[in-house]
Amino acid sequence: GIASRPVFVEPNAMILKDGARIMSLTDGTSKMSKSDPSDGSRINVLDPPKLIRDKIKRCKTDTLDGIEWDNPERPEATNLLNIYAAVQPDRTREDILEEVKDLRWGEFKPLLAEAIVNHLEPIQRRYKEVREDPEYLMQILKDGADAANEVANTTLFGTKVAMGFVTPNQD
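Predicted, not measured: the structure shown is a model, and the values here were computed from it. (Residues numbered from 1 in each chain as written. Predicted model: local features only at pLDDT ≥ 70, side-chain atom pairs only at ≥ 80, totals over all residues. Heavy atoms only, no water.)

Asks: Which residues make up the packing of helix α4 (residues 105-131) against helix α5 (residues 134-163), and what are the values?
Replies: Packing of α4 against α5 leaves a shortest axis separation of 6 Å and a crossing angle of 100°. When the axes of α4 and α5 are compared, the pair comes out roughly perpendicular. Taken together, the residues of α5 that come into contact with α4 (itself represented by Arg 126, Val 130 and Arg 131) are Tyr 136, Leu 137 and Ile 140. Looking at the contact of α4 with α5, its residues break down into four nonpolar, no polar and two charged. (Axes fitted to C-alpha atoms, helices over the stretch in contact; angles between N-to-C directions. Helix = DSSP H or I, 4+ residues; strand = E, 2+ residues; numbered from the N terminus. Parallel < 35°, antiparallel > 145°, perpendicular 65-115°, else oblique. Contact = heavy atoms within 4.5 Å. Nonpolar A, V, L, I, M, F, W, Y, C, P; charged D, E, K, R; others polar.)

Asks: Run through the pattern of salt bridges, naming residues and quoting values.
Replies: Per the stated rule, a full pass over the model turns up 17 salt bridges. A salt bridge links Asp 39 to Lys 55; the shortest N-O distance between them is 3.1 Å. Taken together, the positions of Asp 39 in the segment before α1 (49-58) and Lys 55 in helix α1 put the pair 16 residues apart, joining distant regions of the chain. Here the residues in one salt-bridge network are Asp 39, Arg 42, Asp 47 and Lys 55, joined through shared partners. (Salt bridge = Lys/Arg side-chain N within 4 Å of Asp/Glu carboxyl O.)

Asks: Account for a nonpolar patch on the surface, naming residues and giving values.
Replies: A cluster of nonpolar residues, Val 45, Leu 46, Ile 123 and Tyr 127, forms a patch on the protein surface that exposes about 360 Å² of accessible area. Position of Tyr 127 among the secondary structure elements: in helix α4. In this structure Tyr 127 comes out as partly exposed when scored by relative accessible area, which is 41%. (Patch = residues over 30% accessible without salt bridge, like charges linked within 9 Å, V, L, I, M, F, W, Y side chains within 5 Å. Areas by Shrake-Rupley, 256 points an atom, 1.4 Å probe, with all protein chains shown as cover. Buried < 20%, exposed > 50% of the residue type's maximum accessible area, 1.4 Å probe, protein only.)

Below is the structure:
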């Protein structure tokens, strides 16, 4: 390192407030987690469309009419609206609320399921393309490893300089 620049820079988290905490499909007060034993509690990135629709159809909701955001008595409503908004980043909360406020769950759930399916489709398609071409996948991994090694070597050298083990003009 150079005296005017720190060797180790503390990273800043890049977490978006909206959609940062998606809750379980089976309990709107618990965080969605891949470690939950119930596969129905979450949407996995590679879930097929039919499975996503089935999970949304079975997810926990309440018996109240209308759908509303941020009512502490209705955590599942807030959670499902947050998911709906997260998979449609070009829409505002107001726009979404206007669309769904008078819907019943039986009307909203298919809309939510299709929004999730549409959001995940290009990701799933790209995953399938990459997995079907082992040479391309290995090249991606090699390129990533090379880039990581370059950064690591630069950081290691800077650390050695900062600790006085080498001078800046050595390699």
